[in-house]
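For reference, the chains in residue letters:
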Amino acid sequence: MNDKTQQWFQTENNENIAITIQKAVESRLNIPCAILGISKQQNTIKIHHRMSDKDADEVEQHMNWNAIAEGLKPHEDIHGVVVHGVPKDIDITDPQIIESLNEINHCIKPDAISRITPLRRNPTMAEHHSITVFSKYPEELNTWIERGFSINYQIYRTERYTKRTQLIQCFNCYGYGHHAKTCQAKTCCGKCGESHETQNCKSTTVKCCQCKGPHEAWHYKCPIKLMKRKTLREIRHQLPYKFIVPKRTSQEPESEEEEEEEEESPSSLSDSKYSFPYTPSSFPRFDITTPSVGFPAFGNPVPTFGTLSH
């Protein structure tokens, strides 16, 4: 997107953006497009509307978003699965690893795997770790969840990646639920529990600043950490363990959909147009990013269409 278009989306008020998109859809496709409002996010504009599923599908297939503003295109959400117990000697940063994993997992799409990252930012001394495999295709992700993910012809346990149910510990105050860069609490040593940075600690005393026990604040057996993990695990168990697959378009063969029962397996998911717990909306939804535009018929009780990235 050029600078002019980006500046327009950043500075223009919501009403003018909504009117511009509404008029463009109605004039080009002759489809009534009642926009209720828009929500601006980073590089994204979500448009809440009252279109039928049929009309939303029509807009998704035939609307030329670039005609509204240069650089607009359908938004593609990226989701992930967590693969557990992967040996650390497998180099997931190797550019050829994605191609080989696509092949060994018999992926339907050649670009099924978007990227692979370690689940934890801070490595430990363990010989194995968990990795996150990202994809824009929910069908592929669901296959890996059901079957497991194959690396070097060994199947590893796989679950849905849920960003908001991952345990986050601050390395400034060693509390939970936030990162050090946004922490507003006083600095606490993770080794002795006193008010100084952990890297500057010279004390021989080991004391957790969270539970006051004789261990480091990050110890995996800390009662506070175990309690937090249990709470997040219970939340994950209440969420769908698989991804919602968008409706097929009229050009694709229809297949009978099966209703999946929630299993007792931990699950994970990332925030996007597939919102969980999933509640069918009485209105359709699609997102537009600048530059980007997708039209799932699922989402929040108030539908959105399009995601405009800028």
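One can find the structure itself at the top, above this paragraph.
Residues numbered from 1 in each chain as written. Predicted model: local features only at pLDDT ≥ 70, side-chain atom pairs only at ≥ 80, totals over all residues. Heavy atoms only, no water.

Focus: the overall build of the protein
To be explicit about the condition: Only runs of H or I of at least four residues qualify as helices and only runs of E of at least two qualify as strands under DSSP, and these elements are numbered from the N terminus. Accessibility here uses a 1.4 Å probe with only protein chains present; expressed as a share of the type maximum, an area under 20% marks a residue as buried, one over 50% as exposed, and anything in between as partly exposed. Residue contacts are defined here by distance: any two heavy atoms, one from each residue, within 4.5 Å place the two residues in contact.
Helix and strand counts for the protein come out as six helices and 11 strands. For the protein, the proportion of its 310 residues judged to be buried stands at 44%. Counting contacts in the protein only where the partners sit at least 6 residues apart, residues at least 24 apart contribute 60% of the total.

Remarks on the side chain of S135
In plain terms, the rule: Under this definition, polar contacts are N or O atom pairs within 3.5 Å; protein pairs additionally need one hydrogen-donor-capable and one acceptor-capable atom, and for neighbouring residues in sequence, both atoms have to be side-chain atoms.
By the secondary structure assignment, S135 is in strand 5 (residues 128–135). By relative accessible area, S135 is classed as buried at 0%. A distance of 2.5 Å separates a polar atom in the side chain of S135 from the backbone oxygen of A112. In this structure S135 touches D77, I78, H79, A112, S114, E140, L141 and W144, once residues within four positions along its chain are discounted.

Quick notes on the sheet that holds strand 3 (residues 79–87)
Quick reminder of the rule: Pairing between strands is defined by DSSP: at least two bridges between them are needed. Here an axis means a line fitted to C-alpha atoms, over the contact stretch when the element is a helix, while the angle between two N-to-C directions is reported on a 0 to 180 degree scale.
Reading across the sheet, the four strands line up as 4-5-3-8 and stay open at both edges, with antiparallel pairing between neighbours. Two strands bound the open sheet, and with one partner strand each, they are strand 4 (115–118) and strand 8 (158–160). With direction set aside, neighbouring strand axes in the sheet form an average angle of 30°. Taken together, the four bridges between strand 4 and strand 5 define a ladder with antiparallel strand orientation. For P118, the partnering residue across the bridge sits in strand 5 and is I131.

Comments concerning unusual backbone geometry
In this model, H106 sits at a positive phi of 50°, which is unusual for a non-glycine residue. Inspection of the secondary structure assignment puts H106 in the loop between helix 4 (95–104) and strand 4. Of the residues examined, H106 reaches a relative accessible area of 67% and is grouped as exposed. Of note in this structure, Y153 is not a glycine but carries a positive phi near 65°.

Side note on the pattern of salt bridges
What counts is decided by this rule: Throughout this description, the term salt bridge denotes a Lys or Arg side-chain nitrogen within 4 Å of a carboxyl oxygen of Asp or Glu.
A full pass over the atoms with the stated rule returns two salt bridges. K136 is the salt-bridge partner of D111, the closest N and O atoms lying 3.2 Å from each other. Of this pair, D111 sits in the loop between helix 4 and strand 4 while K136 sits in the loop between strand 5 and helix 5 (138–147); the two residues are 25 residues apart in sequence, bridging distant segments of the chain. E146 serves as the salt-bridge partner of K242, at 2.4 Å between the closest nitrogen and oxygen. Separated by 96 residues along the polypeptide, K242 in the loop between helix 6 (223–237) and strand 9 (287–289) and E146 in helix 5 bring together distant segments of the chain. Overall, the relative accessible area of 51% leaves E146 in the exposed class.

What about the packing of aromatic side chains?
Cut-off, in case you're wondering: Stacked, tilted and edge-to-face are the three classes applied to pairs of Phe, Tyr and Trp rings, where Trp contributes its six-membered ring and a pair requires centres within 6.5 Å; stacked means planes under 30 degrees apart, edge-to-face means over 60, and tilted covers the rest. In this scheme, the term charge over a ring applies when either NZ of a lysine or CZ of an arginine sits within 6 Å of the ring centre and within 35 degrees of the ring normal.
Counting across every chain of the model gives four aromatic pairs. Ring plane angle 80° and centroid distance 5.9 Å describe the contact between F134 and Y161, whose orientation is recorded as edge-to-face. Linking F134 in strand 5 with Y161 in the loop between strand 8 and helix 6, this pair joins segments that are 27 residues apart in sequence. For the pair F134 and Y161, a shared accessibility class is recorded, and that class is buried. When the ring of Y174 is compared with that of W218, the centres are 6.0 Å apart and the planes differ by 40°; the resulting orientation is tilted. Taken together, the positions of Y174 in the loop between strand 8 and helix 6 and W218 in the loop between strand 8 and helix 6 put the pair 44 residues apart, joining distant regions of the chain. Residue Y174 is classed as buried on the basis of its relative accessible area of 3%. With relative accessibility at 33%, the residue W218 sits in the partly exposed group. An aromatic cluster of at least three residues, connected via ring pairs, comprises F171, Y174 and W218. The residue whose ring lies beneath R115 is F134, and the NZ or CZ to ring-centre distance is 4.0 Å.

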